[in-house]
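Tertiary structure, described
The primary structure of each chain is shown beneath.
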Amino acid sequence: MQLNGLHHVTSISRQIGQNASFYTQLLGLRLVKKSVNQDDTSAYHLFYADKVGSPGTDMTFFDWSHIPQEARGTDSIVLTAFRVASADALAYWVERFDTYNVQHSGIEQFGDLNVLRFEDPEGQRLMLVDDGGAPFHGEAWDGAGIPVEHALRGFYAAMLSVPSIEQTTLVLTHILNMTEARTVTYPTGQQVHVFAMDGGGPGNELWVMVEPNAPIARSGAGGTHHIAFRVANEAAQADWNSHIQRIGLPTSGHIDRYYFKSIYFRISGGILFEIATDGPGFAVDEDMETLGERLVLPPFLEPQRALIEARIKPIVMPALEG
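Report on the accompanying structure. (Residues numbered from 1 in each chain as written. Predicted model: local features only at pLDDT ≥ 70, side-chain atom pairs only at ≥ 80, totals over all residues. Heavy atoms only, no water.)

**Observations concerning the overall build of the protein**
Secondary structure summary: the protein contains 5 helices and 16 strands in total. Whereas a compact globule of 322 residues would reach a radius of gyration of roughly 20 Å, the protein reaches 19 Å, a difference of no more than 12%. C-alpha extents for the protein along the principal axes are approximately 50 × 50 × 40 Å. Every one of the 322 residues in the protein was classed for burial, and the buried ones make up 57%. (Helix = DSSP H or I, 4+ residues; strand = E, 2+ residues; numbered from the N terminus. Rg over C-alpha atoms; globule rule 2.2 N^0.38 Å. Buried < 20%, exposed > 50% of the residue type's maximum accessible area, 1.4 Å probe, protein only.)

So, in structure tokens, the structure goes:
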């Protein structure tokens, strides 16, 4: 069995209007779904992705305005890395970040990759990676004013921080069938273990930084809630569910998220993983041309629409300032 790379990354915001402005207006992603957290319908769940909502391009956010700021540390998911197509694209983003006062690292070397580290307004740690023009099976969003040749092209990788590598390696290689490909030095000096899915490369890597002396992180705004990995369909997902349970990790069992099917499991107290199906996708209840323009609810929540709409506030996006 093989995971087919990253499916989505879900993080936490307490300023959802500012969040939507940053990811759609500044980063140029498309808001492909405006819904609610299915386990907490008082909160929005926003999905930002490429033009068609392709698996592997989807950064999502829970809207929890009451939550405190994340306390950074280890035993956590600490970075999401997006792909761009060239060195010229990285240079474009340096100029754009300078224009709009986004703090960034400048272009750096990470192993054999050229990268650009930055943060969103709530401290979400992000990176752009020059993928050298590698094949991209999605479709860049052309509706945000970003030149298509410089647009974000989905994920390159996500990164964990762990206090020690041994248990994490065991889970990633013996349970999730990843391959430990190499160890590289991060721009800030730490060693990072690169784990590959389905051959590795753009969209198919998980990076693990070992920080034995860091405090344990506390989840909050600006932090990442979970990482989801791709499988083609429910049959493959069922095989993974049985495999993980047979080895001894408890799972959530099959959960229907309507836009995809999910199982969840923890590899530690602070790191939650999901395995999600590629389909049916975000166009199951909206036309492709109007994705994300209205509040949509899965069928099982539709009878509660009036109550849900009464509890959530309209999203007001501030204009970009630069």
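Next, the rest of the story.
**A short note on the packing of aromatic side chains**
Here the structure, examined in full by the defined rule, presents 17 aromatic pairs. The lysine or arginine in question, Arg30, covers the ring of Trp141, its NZ or CZ lying 4.6 Å from the ring centre. (Phe/Tyr/Trp six-rings, centres within 6.5 Å; stacked < 30°, edge-to-face > 60°. Lys NZ or Arg CZ within 6 Å of the ring centre and 35° of its normal.)

**Considerations on helix H2 (residues 87-99)**
For an α-helix the count is 3.6 residues per turn, leaving residues at separations of three or four pointing the same way. If you check H2, its first and last C-alpha atoms are 19 Å apart, about what 13 residues at 1.5 Å a residue would give, namely 18 Å. For H2, the secondary structure elements touched by its buried residues are helix H1 (16-26), strand E5 (76-84), strand E6 (104-110), strand E7 (113-119) and strand E8 (125-130). For H2, the capping residue at the N-terminal end is Ser86, with a side-chain oxygen 3.4 Å from the backbone nitrogen of Asp88. Directly beyond the C-terminal end of H2, a positive phi value near 60° is found at Asn101. (Expected span 1.5 Å × (residues − 1). Contact = heavy atoms within 4.5 Å. Polar contact = N/O pair within 3.5 Å; in protein donor to acceptor, adjacent residues only side chain to side chain.)

**Some words on the nonpolar core**
Counting 66 residues, the largest nonpolar core has Leu27, Trp93, Leu128, Leu176 and Phe273 as the members making the most contacts within it. Per-element accounting of this core gives the leading share, 6 residues, to H2. Not counting residues up to four positions away in its chain, the partners in contact with Phe273 are Leu160, Leu172, Leu176, Leu206, Ile227, Phe229, Ile263, Tyr264, Phe265 and Ile267. Listed in part, the 17 residues of the second largest apolar core include Leu113, Met127, Val129 and Val192. (Core = buried A, V, L, I, M, F, W, Y, C linked by side-chain atoms within 4.5 Å.)

**Examining H1**
Among the 11 residues of H1, 9 are classified as buried, and the element is accordingly described as predominantly covered. Looking at H1, one finds that the buried residues are Ile16, Gly17, Asn19, Ala20, Ser21, Phe22, Tyr23, Thr24 and Leu26. Looking one or two residues past H1, Gly28 carries a phi angle of roughly 75°, positive in sign.

**A word on the side chain of Ser11**
Position of Ser11 relative to the elements: it lies in strand E1 (residues 6-13). Within the local environment of Ser11, its side chain forms a polar contact with the side chain of Gln124, the two groups lying 3.1 Å apart. Ignoring any residue separated from it by four or fewer positions in sequence, one finds Ser11 in contact with Met59, Thr60, Phe61, Phe62, Gln124, Gly223, Thr224 and His225.

**With respect to the sheet that holds E6**
The sheet built from 8 strands is open, its strands ordered E6-E7-E8-E5-E9-E12-E11-E10 with mixed pairing. Of all strands in the sheet, those bounded by a partner on one side alone are E6 and strand E10 (179-185). Ignoring strand direction, the axes of neighbouring strands in this sheet form an average angle of 25°. (Pairing = 2+ DSSP bridges. Axes fitted to C-alpha atoms, helices over the stretch in contact; angles between N-to-C directions.)

**Quick notes on empty space enclosed by the protein**
A water-sized probe rolled over the atoms picks out the places where empty space is left. Per the counting criterion, the structure on display carries 3 cavities of 30 Å³ or more. Contributing to the lining of the largest cavity are Leu27, Gly28, Leu29, Ala49, Asp50, Ala140, Trp141, Ala151 and Leu152. When the residues that make up the lining of the largest cavity are grouped by side-chain class, the tally is 7 nonpolar, 1 polar and 1 charged. (1 Å grid on protein atoms, 1.4 Å probe; cavity = no way out; pocket = protein on both sides within 12 Å on 5 of 7 lines; lining within 4 Å. Points joined across faces, edges and corners; volume = space filled by probe spheres on them. Nonpolar A, V, L, I, M, F, W, Y, C, P; charged D, E, K, R; others polar.)

**Regarding the sheet that holds strand E14 (residues 255-256)**
Taken together, 8 strands build an open sheet; the order of strands is E2-E3-E4-E1-E13-E16-E15-E14 and the sheet is mixed. This sheet does not close on itself; its edge strands, each paired only once, are strand E2 (30-37) and E14. Here E1 runs beside strand E4 (residues 58-63); their pairing, made up of 6 bridges, is parallel. Directly across from Ile12, in E4, lies its bridge partner Phe62. Sheet contacts for helix H4 (residues 234-247): strand E13 (224-231), strand E15 (260-266) and strand E16 (272-280); angle to E15, the most-contacted strand, approximately 15°.

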